[in-house]
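Per-entry structural report
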Amino acid sequence: KNGRHAPERDLQAPPPLRRLVPERDVQSQIPPFTYQQLAVMKAIAQTQNFTEAGKLLYMSQTHISKEVEKLEQALNVQLFNRARGLGGVTLTEAGHLLLRYADRSLTIANEAQVALNDLLTLKTGELALGASQTTGTYLMPKLIATFRHRFPFVDVALQVDSTNRICSAVAEGDVDCAVIGGEVPRDLERSLHTALYRHDELALIISPRHPFAQQMHGGEPRGAAEQVITIEDLYHLDFVALEAASTTQRAHEELLRANGINVERLNVSMALNNIEAIKSAVSCDLGAAFVSVMAIEKELKLGTLSRVLIDGVRLRRSLQVVTNPSRYRSRAVEAFTELVLPWSSL
């Protein structure tokens, strides 16, 4: 009605979207803080104390305070609540917000440094491995020895914990690669990559002096015997097992149930908190036990334990290699999976 017409291009297509962030020169893209300041902030958030943060970063408390002051001035926000008392230094809302980005920035910076080092050589480097309890105790030392023989200058750290905690460590980037005997927690399945490494087997072990072990040897005790019994025979044995809260014990029970063994009918007379204690108890005639075959190789050779087979039952489980596909895989990780885990299809 006012006699003006919209430009023809407005009728054919919507106008181009405006840039949320205007084009800037390179100088203006430099953030008003340094990686060191972000590291200081993260250390304070972890320790809730300026002095302790300084110890963590090998910096004086005065230096820590100056870096925080510079950071807050540059951003024009308060990042920490410095109220005196037992609660220590805490993050403000702005501090929590910046910390989330600081974690990501520091992680990317560290990965960049690792990648650059990888371009030079594998004579130096770090490899953070993880494992569940059984694999960490009886399998990983052998794998690490093989790796260190080939790459003696790579620092290797091994974290042994429950399957759930090890998977969380892989997801968070604290562990590069892990070998586990249990299942990956459902809430982490989408963020982690798993591949079959090999199969493990649970063995029923008894003392060489147990009647079952002597039946095949005329009453004379011998180790490494493999007597065959029925599932029904299990319900007349006393068992030594891991504590009920153990994730390894729960995994064992699930495997037993899957093979037709009524776990509720097993008489568990003693609960211990590690496999070595269980083996010792069994060797002292305190009961039978189900343990990984990896854990009893030496004892079977020495004759201090005997293995009993169960008619028609083979208790096999999968050992899995776990990695985080969203994380940078260093040459050390690549070398470990290629040399030590060549059949894990990673």
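These remarks concern the structure in this document. (Residues numbered from 1 in each chain as written. Predicted model: local features only at pLDDT ≥ 70, side-chain atom pairs only at ≥ 80, totals over all residues. Heavy atoms only, no water.)

Some remarks on the overall build of the protein chain
Scanning the protein chain from terminus to terminus reveals 14 helices and 12 strands. Taking all 346 residues of the protein chain together, the buried fraction comes to 39%. A total of about 20800 Å² of accessible surface is found on the protein chain, and carbon and sulfur atoms cover 51% of it. (Helix = DSSP H or I, 4+ residues; strand = E, 2+ residues; numbered from the N terminus. Buried < 20%, exposed > 50% of the residue type's maximum accessible area, 1.4 Å probe, protein only. Areas by Shrake-Rupley, 256 points an atom, 1.4 Å probe, with all protein chains shown as cover.)

Some words on the packing of aromatic side chains
According to the stated counting rule, one finds four aromatic pairs in the structure shown. Centroid distance Phe-239 to Phe-290: 5.5 Å. Interplanar angle 10°. Geometry classified as stacked. A residue pair is termed long-range when its members are at least 10 positions apart, and Phe-239 in strand β8 (residues 238-242) and Phe-290 in strand β10 (residues 289-292) qualify at 51 residues. Taking the relative accessible area as the measure of exposure, Phe-290 reaches 11% and is therefore buried. The rings of Phe-147, Phe-151 and Phe-336 are connected pair by pair, giving a single aromatic cluster. (Phe/Tyr/Trp six-rings, centres within 6.5 Å; stacked < 30°, edge-to-face > 60°.)

Observations regarding helix α8 (residues 163-172)
Buried within α8 we find Thr-163, Ile-166, Cys-167, Ala-169 and Val-170. Relative to the axis of α8, the buried residues are bounded by an arc of 155° and lie together on one face. Exposed side of α8, more than 90 degrees from the buried face: Arg-165 and Glu-172 are the residues found there. Summarising the contacts, the buried residues of α8 are in contact with β3 (125-131), β4 (154-160), β5 (177-180), α11 (247-258) and β12 (316-323). (Arc of directions from axis to C-beta. Contact = heavy atoms within 4.5 Å.)

Looking at the nonpolar core
The tendency in soluble globular proteins is for nonpolar side chains to be buried as a group. Of all hydrophobic cores here, the largest spans 36 residues; its most connected members are Leu-127, Phe-147, Ile-278 and Phe-336. Grouped together as the second largest cluster of nonpolar side chains are 21 residues, Tyr-235, Leu-237, Ile-261 and Leu-266 included. (Core = buried A, V, L, I, M, F, W, Y, C linked by side-chain atoms within 4.5 Å.)

Focus: the environment of Val-184
Along the chain, Val-184 falls in the loop between β5 and β6 (193-206). Separated by 18 residues in the primary sequence, Val-184 and Ile-166 place their C-alpha atoms 9.4 Å from one another. Look past the residues within four positions of Val-184 in its chain and what remains in contact with it is Cys-167, Glu-189, Leu-192, Thr-194 and Val-322.

Regarding the environment of Glu-264
With respect to the helices and strands, the residue Glu-264 is situated in the loop between α11 and β9 (267-272). Of the polar contacts made by the side chain of Glu-264, one reaches the side chain of Arg-257; its length is 3.0 Å. (Polar contact = N/O pair within 3.5 Å; in protein donor to acceptor, adjacent residues only side chain to side chain.)

Thoughts on the packing of helix α2 (residues 35-47) against helix α3 (residues 50-57)
Between two packed helices, both the angle of their axes relative to each other and the distance between the axes serve to describe the pair. Where α2 meets α3, the closest approach of the two axes is 8 Å, and the angle between their N-to-C directions is 125°. Of the possible angle classes, the one that applies to α2 and α3 is oblique. For the pair α2 and α3, the crossing hand works out as right-handed. Where α2 abuts α3, its residues Ala-39, Val-40, Ala-43, Ile-44, Gln-46 and Thr-47 lie against Phe-50, Glu-52, Ala-53, Leu-56 and Leu-57. When the residues that make up the contact of α2 with α3 are grouped by side-chain class, the tally is eight nonpolar, two polar and one charged. (Axes fitted to C-alpha atoms, helices over the stretch in contact; angles between N-to-C directions. Parallel < 35°, antiparallel > 145°, perpendicular 65-115°, else oblique. Left-handed = near helix turned anticlockwise from the far one by under 90°. Nonpolar A, V, L, I, M, F, W, Y, C, P; charged D, E, K, R; others polar.)

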